[in-house]
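One-letter residues, chain by chain:
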Amino acid sequence: MHRVLIVDDSRTARGILETCVNRSEEYMLVRSLESAENAVVYCMSGGIDLVLMDVYTKNGENGLEASAKIKSMYPNIKIIVVTSMPEESFIRRAKKAGCDSFWYKDVGEEEILDVMNRTMNGESVYPLDTPVVEIGYAKSYEFTQKELEILRDLVDGIAIKEIAIKRDLSERTVKYHITNMLQKTGYKTSMQLVVDVVNQKLIVPEF
Amino acid sequence: MYFMMNVLLVTKTNVEYYQPIAVLSTLIVFAYVSLFVMLVNVVKKKRNITKGSIRTATDNLPIGLYIAREDGVPIIVNRKMYELMNNIGFKSYQSALGLWEEVEKHKKLKAKHVMYAGCHTFLFKDGSVWRFNKDTIGIDNSKYIQIVVNDITSLYSLSEQIRDNNEELKRQYKSLNSMLKNIADTGQQEEILQSKMRIHDQFGRSLLASRRYLNHLDDKLGLDDVIKMWQQSVERLNTDNFSEEVTDDAATKELMDVANVLGCKMIIDGDNVKDNDMLLSAIRECLTNAVRHGKATKIVVKIKENNGFLKASISNNGIVPEKVVEGGGLSSLRKKVESVGGTMNIELSGEMVLKVVIPVFK
């Protein structure tokens, strides 16, 4: 019997995950928490085998950062990141934090049990790609990594001059990338682009 | 020949008549020669640099110029410089070193002092702006002090305008950022909606299956299958109530529960305690250290809010360390607290107490 800790600030989402865990005979729900940082403290109690960790939790706490802390202190605890946000960096950051698996909530509950089983059997289950979202006329996969980096800076409210310094690029290059993105999406201003990117959750501001 | 003879004859015979004309002609010629000599001298003078010409040239410059020996004794001070020194209220006219000392101290002056692009700059009441630069120049193994004062009124005005625009831009970015965060938060609402839709769908599937079973439309569908489907639907509703009630102290209460699970009773003493990220981080850090290193069973958090600051003291009944070395957790907490203008202190007197003062942003 594997002991499970669920971390999600939405009662509804938590309820669904709890039902899923309770229905399975191989898993036992130990506790559900709203705050990712409280989960880090909770893991001190021992007796947790698996954490189902939401990314964006109570008060904007970062589930990926909390996962990294749990993994550094308790490497034997398995962590599955669960999210519904198609944020382009989440998969990459979850891997960097040492999380064992990653599951998109919208896929369906049957799958989470499968991911849990495979994870507990030592497998690392990650989706091949982030779900595709449309930004204007462009698909999210049409943006280059450099463009996404600059887009993230724009979303965080950083001016072009500062982006150039931060990314060690010339202002002209930064503007070139922005122009490329505007051409792809069909937007006239970077403001329109930024608002759509945030609205589609391709990038979450300051997260 | 006849004509010449006639002229000589006439001249000789009319000497008295023609004498004044000859004198006048001589004078005119002399005047022309004198004027020519004078012009030549003027041209010559213009080609040579003299003390006077330097004085005139520097006085006509639109900048303030003060050139002095290395020991400060002035060599050239132009008219504009005198005017500026007088208008600003400097007293050390007779020494470049004294003058520069006054520039650097900039006290009790008539013009407002600012540093602009790393230079001492003075703002006059009439709106003009003058920037002081001091250099040491070397000529023939000697060193000289050169103080140049430039009129940067237009440049300064444009810079001010750019600075104002940048401030406005930053304010707008901040406002935009806050709006963007709100958009990001709607993600949770969408998530909830999708979950509710899934529950709705499951109920729909259960109803459909029941109808098909009751009307014998599907031979493969057994009573057990239908009951299982309804059980799943009901289970979902029973797990929790699905209202997304949000309270402003949920994370704090949750942390108290977590402390209980760890065998450490947490008492929070304060009125109207609300979740505060910084305070929660401090309590978590204390709780973790108190349980892990101090074997504490009780942790007391006293909170007071006044004048826009949240003051909290967090103590525990665990083993008191002789000395606290701020490692990863405490040092990052200190950075976090101090980055928002707060303070953090650790006291070791009978018990370990962590005190934090955090500004409250509303």
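Above this text sits the structure in question.
Residues numbered from 1 in each chain as written. Chains lettered and ligands numbered in written order. Predicted model: local features only at pLDDT ≥ 70, side-chain atom pairs only at ≥ 80, totals over all residues. Heavy atoms only, no water.

Trainee: Can you lay out the overall build of chain A for me, pointing to particular residues and giving the numbers?
Mentor: When helices and strands are tallied, chain A shows nine helices and nine strands. Looking at chain A as a whole, 57% of its 207 residues are labelled buried. A sequence separation of at least 24 residues applies to 65% of the contacts in chain A between residues at least 6 apart. Summed over all atoms, the accessible surface of chain A reaches about 8,700 Å², with 48% contributed by carbon and sulfur. (Helix = DSSP H or I, 4+ residues; strand = E, 2+ residues; numbered from the N terminus. Buried < 20%, exposed > 50% of the residue type's maximum accessible area, 1.4 Å probe, protein only. Contact = heavy atoms within 4.5 Å. Areas by Shrake-Rupley, 256 points an atom, 1.4 Å probe, with all protein chains shown as cover.)

Trainee: An account of helix α6 (residues 145-155) of chain A is needed here, citing residue identities and associated values.
Mentor: In terms of burial, α6(A) is largely enclosed, as eight of its eleven residues are buried. Taken together, the buried positions of α6(A) are occupied by Glu147(A), Leu148(A), Ile150(A), Leu151(A), Arg152(A), Asp153(A), Leu154(A) and Val155(A).

Trainee: Give me the lowdown on the side chain of Lys201(A), citing residues and values where you can.
Mentor: Tracing the backbone shows Lys201(A) in the segment after α9 (190-199). Only 2.9 Å separates the side chain of Lys201(A) from the backbone oxygen of Asn199(A), close enough to count as a polar contact. (Polar contact = N/O pair within 3.5 Å; in protein donor to acceptor, adjacent residues only side chain to side chain.)

Trainee: Before we move on, can you summarise the sheet that holds strand β8 (residues 298-306) of chain B with the specific residues and values?
Mentor: Residues and elements named next belong to chain B. An order of β7-β8-β9-β11-β10 is seen for the five strands of this open sheet, with the pairing classed as mixed. Sheet topology places β7 (265-269) and β10 (343-349) at the edges, where each strand pairs with a single neighbour. Along the sheet, successive strands turn relative to each other by an average axial angle of 15°, direction set aside. Bridging between strand β9 (residues 309-316) and strand β11 (residues 351-359) involves seven bridges; their strand directions are antiparallel. Looking at the pairing, leucine 310 lines up with isoleucine 358 of β11. The strands touched by helix α10 (residues 328-339) within the sheet are β10 and β11, with β10 carrying the most contacts at an inclination of about 140°. (Pairing = 2+ DSSP bridges. Axes fitted to C-alpha atoms, helices over the stretch in contact; angles between N-to-C directions.)

Trainee: Please provide a residue-by-residue account of the packing of aromatic side chains, values included.
Mentor: Scanning all chains against the criterion turns up seven aromatic pairs over all chains. Note on Phe102(A) and Tyr104(A): the rings are 5.1 Å apart at their centroids and 65° apart in plane angle, and the pair reads as edge-to-face. Both residues of the pair, Phe102(A) and Tyr104(A), belong to the buried class. Between Phe90(B) and Phe122(B) the ring centres are 5.7 Å apart and the planes differ by 90°, which places this aromatic pair in the edge-to-face class. Of this pair, Phe90(B) sits in the loop between α4 (79-88) and α5 (96-105) while Phe122(B) sits in strand β4 (residues 119-123); the two residues are 32 residues apart in sequence, bridging distant segments of the chain. Overall, the relative accessible area of 0% leaves Phe122(B) in the buried class. (Phe/Tyr/Trp six-rings, centres within 6.5 Å; stacked < 30°, edge-to-face > 60°.)

Trainee: Hey, could you go over the pairing of strand β1 (residues 64-69) of chain B for me, with residue numbers and the actual values?
Mentor: Residue and element names in this part refer to chain B. Counting buried positions along β1 gives five out of six residues, so the element sits mostly inside the fold. Here β1 runs beside strand β6 (residues 142-151); their pairing, made up of six bridges, is antiparallel. Within β6, the residue paired with glycine 64 across the bridge is valine 149. Summarising the sheet, β1 and strand β2 (residues 74-77) pair through three bridges and their orientation is antiparallel. Across the sheet, residue isoleucine 67 finds its bridge partner in β2, namely isoleucine 76. Counting the residues that bridge the hairpin from β1 to β2 gives four residues, and of these glycine 72 lies at a positive phi of roughly 100°.

Trainee: Any details on the nonpolar core? Residues and values, ideally.
Mentor: Ranked by internal contacts, the top residues of the largest apolar core, which has 61 residues, are Leu5(A), Val51(A), Met53(A), Leu287(B), Leu354(B) and Val356(B). Here this core gets eight residues from one element, more than from any other, and that element is helix α9 (residues 277-292) of chain B. Setting aside its immediate chain neighbours within four residues, Met53(A) contacts Val7(A), Ala36(A), Ala39(A), Gly63(A), Ala66(A), Ser67(A), Ile70(A), Ile79(A), Ile80(A), Val81(A) and Val82(A). Grouped together as the second largest cluster of nonpolar side chains are 25 residues, Ile135(A), Ile178(A), Met181(A) and Leu182(A) included. (Core = buried A, V, L, I, M, F, W, Y, C linked by side-chain atoms within 4.5 Å.)

Trainee: Describe the pattern of salt bridges, with residues and values.
Mentor: Across all of its chains, the model carries 29 salt bridges over all chains by this definition. Note that Asp114(A) and Arg118(A) form a salt bridge whose closest N and O atoms lie 3.4 Å from each other. Separated by four residues within a single helix, Asp114(A) and Arg118(A) lie in helix α5 (residues 109-120), roughly one turn from each other. By relative accessible area, Arg118(A) is classed as partly exposed at 30%. One salt bridge connects Lys80(B) with Glu83(B), and the closest N-O pair in it is separated by 3.2 Å. (Salt bridge = Lys/Arg side-chain N within 4 Å of Asp/Glu carboxyl O.)

Trainee: Quick rundown of α4(B)? Include the residues and the values.
Mentor: Residues and elements named next belong to chain B. Buried residues of α4: Lys80, Met81, Leu84, Met85 and Ile88, and no others. Within α4, the buried residues cover an arc of 135° as seen down the axis, which keeps them to one side. In this structure, the buried residues of α4 make contact with β1, β2, α5, β4, β5 (129-139) and β6. (Arc of directions from axis to C-beta.)

Trainee: Run through the layout of surface pockets, naming residues and quoting values.
Mentor: What the largest pocket holds in volume is close to 1,200 Å³. Mapped by element, the contributors of at least two residues to the lining of the largest pocket are α2 (36-42), β5 (61-62) and α3 (63-73) of chain A together with α6 (153-214), α9 and α10 of chain B. Considering each element in turn, the lining of the largest pocket owes the most residues, eight residues, to α9(B). Partitioning the lining of the largest pocket into residue classes produces twelve nonpolar, eleven polar and twelve charged. (1 Å grid on protein atoms, 1.4 Å probe; cavity = no way out; pocket = protein on both sides within 12 Å on 5 of 7 lines; lining within 4 Å. Points joined across faces, edges and corners; volume = space filled by probe spheres on them. Nonpolar A, V, L, I, M, F, W, Y, C, P; charged D, E, K, R; others polar.)

Trainee: I'd like to hear about the pairing of strand β3 (residues 50-54) of chain A, residue by residue, with values.
Mentor: Residues and elements named next belong to chain A. Burial of β3 is extensive: five of the five residues sit out of reach of the surface. Side chains Leu50, Leu52 and Asp54 project from β3 onto one buried face, and the interleaved Val51 and Met53 project onto a second face that is buried too. The pairing of strand β1 (residues 2-7) with β3 spans four bridges and is parallel. What sits directly across from valine 4, in β3, is leucine 50. Examined bridge by bridge, β3 and strand β6 (residues 78-83) share five bridges and lie parallel to one another. Looking across to β6, one finds that methionine 53 is bridged to valine 81.

Trainee: Summarise the packing of α6(A) against α9(A); cite the residues concerned and give the values.
Mentor: All names here are of chain A. Axis separation between α6 and α9 bottoms out at 10 Å; the angle between their running directions is 95°. Considered as vectors, α6 and α9 are oriented roughly perpendicular to each other. Residues Leu151, Leu154 and Val155 of α6 lie in contact with α9, whose contacting residues are Ser190, Leu193, Val194, Val197 and Val198. Looking at the contact of α6 with α9 residue by residue, the class counts come to seven nonpolar, one polar and no charged. (Parallel < 35°, antiparallel > 145°, perpendicular 65-115°, else oblique.)

Worth remembering: the numbers are spatial, not functional.
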